[in-house]
Amino acid sequence: MTRITMVQGDITEQQVDVVVNAANSSLLGGGGVDGAIHRKGGPAILADCRRLRDSHYGRGLDAGRAVVTTAGRLPARWVVHTVGPVYYPDLYEERAELLSSCYRESLRLAAELGARSVAFPAISTGVYRWPMEDAARIALTAVTEAVADPSVVAGTAPAEVRFVLFGADAFEVFDRVRQELGRPGAR
Ligand code: APR
């Protein structure tokens, strides 16, 4: 049974097996969470990303997909990089499915790695402008469904999935949505 928890804090300080990065399709770094992870994790992460670009991901990583690298100097074992969709109301359904896929595919990879704990940021809610409340609903729903789906986690669901919210506002929104959805979970 996977515990879904939430904390307010910095994802680069989380002592977990997998830290999930809100990357962009280049996989070569950026601002926000991406910038923080590369800054704190050090050059080994970017070196792994470049190797991925030079091998299987020449055109970059599509939105909704996930890849794994070392965590470098972070207090984690791996970084799973996923590319969120940019919020665009006219393509809401398609983009919302891509956002769900970020969580599902990251958990699929984490389960393949045997990760016992996975930390997620609020994917797409910064530069990619997804409204926090809707992103929280998509995230909590996708994670709850994925950890209960053997075709995703193949019987090795992590013991903990931790949402790491960067600021009180984001935490309050996620916590409220979690209560509205009626999902248990430690604060
Ligand atoms: N820890 C946890 N959450 C963080 C941190 C951090 N250190 N830094 C930022 N955040 C939060 C933001 O406040 C936001 O709520 O992560 C959420 C996602 O914001 P972004 O990092 O901007 O990611 P996203 O909206 O998915 O946009 C991705 O931004 O940084 C670039 O290279 C990245 O091009 C990509 C795009």
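How each quantity is defined
- Residues numbered from 1 in each chain as written.
- Predicted model: local features only at pLDDT ≥ 70, side-chain atom pairs only at ≥ 80, totals over all residues.
- Heavy atoms only, no water.
- Helix = DSSP H or I, 4+ residues; strand = E, 2+ residues; numbered from the N terminus.
- Rg over C-alpha atoms; globule rule 2.2 N^0.38 Å.
- Buried < 20%, exposed > 50% of the residue type's maximum accessible area, 1.4 Å probe, protein only.
- Contact = heavy atoms within 4.5 Å.
- Areas by Shrake-Rupley, 256 points an atom, 1.4 Å probe, with all protein chains shown as cover.
- Pairing = 2+ DSSP bridges.
- Axes fitted to C-alpha atoms, helices over the stretch in contact; angles between N-to-C directions.
- Core = buried A, V, L, I, M, F, W, Y, C linked by side-chain atoms within 4.5 Å.

Right, let's get into the overall build of the protein. Looking only at helices and strands, the protein has 6 helices and 6 strands in total. Against the globule reference of 16 Å for 187 residues, the protein gives a C-alpha radius of gyration of 15 Å, in line with a compact fold. Its C-alpha atoms give the protein principal-axis dimensions of roughly 45 × 35 × 35 Å. Evaluated residue by residue, the protein yields a buried proportion of 51% over its 187 residues. Restricting the contact set of the protein to residue pairs at least 6 apart, pairs at least 24 apart contribute 70%. Only carbon and sulfur atoms are counted for the fraction: they give 52% of the accessible area of the protein, which is about 8,600 Å².

This part takes up the environment of Thr 69. If you trace the backbone, Thr 69 turns up in strand β3 (residues 66-70). The class of Thr 69 is buried, set by a relative accessible area of 2%. Considered as a pair, Thr 69 and Ile 4 are 65 residues apart in the sequence and their alpha carbons are 24 Å apart. Setting aside chain neighbours within four positions, we find Thr 69 in contact with Ile 45, Asp 48, Cys 49, Leu 52, Trp 78, Val 79 and His 81.

A word on the pairing of strand β5 (residues 117-120). Residues Ser 117 and Ala 119 of β5 are buried on one face, and the alternating residues Val 118 and Phe 120, pointing to the opposite face, are buried as well. Pairing analysis gives 2 bridges linking strand β2 (residues 16-23) to β5, with the strands arranged parallel. Looking at β5, one finds that Val 18 is bridged to Val 118. Strand direction decides the pairing type here: β5 and strand β6 (residues 160-165), joined by 4 bridges, are parallel. By the bridge assignment for β6, Val 118 is matched with Val 161.

A few words on the sheet that holds β3. Backbone-to-backbone hydrogen bonds pair the strands of a sheet. The strands run either parallel or antiparallel. The 6 strands are arranged β1-β6-β5-β2-β4-β3 in an open sheet whose pairing can be described as mixed. Either end of the sheet is taken by a strand with one partner, and the two such strands are β1 (3-8) and β3. Shown here is a sheet whose adjacent strand axes are inclined to one another by a mean of 25°, direction ignored. Packing of helix α1 (residues 32-41) onto the sheet brings it into contact with β2 and β4 (76-83), and relative to β2 it is tilted by some 130°.

Judged by nonpolar contacts, the single largest core of 40 residues is most densely connected at Tyr 103, Phe 120, Val 143 and Phe 163. Examining the composition of this core, we find that 9 residues originate from one element, helix α4 (residues 132-147), more than from any other. The residues contacting Phe 163, other than those within four sequence positions of it, are Ile 4, Thr 5, Met 6, Val 7, Tyr 103, Phe 120, Ala 139, Leu 140, Val 143 and Phe 174. By size, the runner-up hydrophobic cluster in this structure holds 19 residues, among which are Ile 11, Val 16, Leu 52 and Ala 76.

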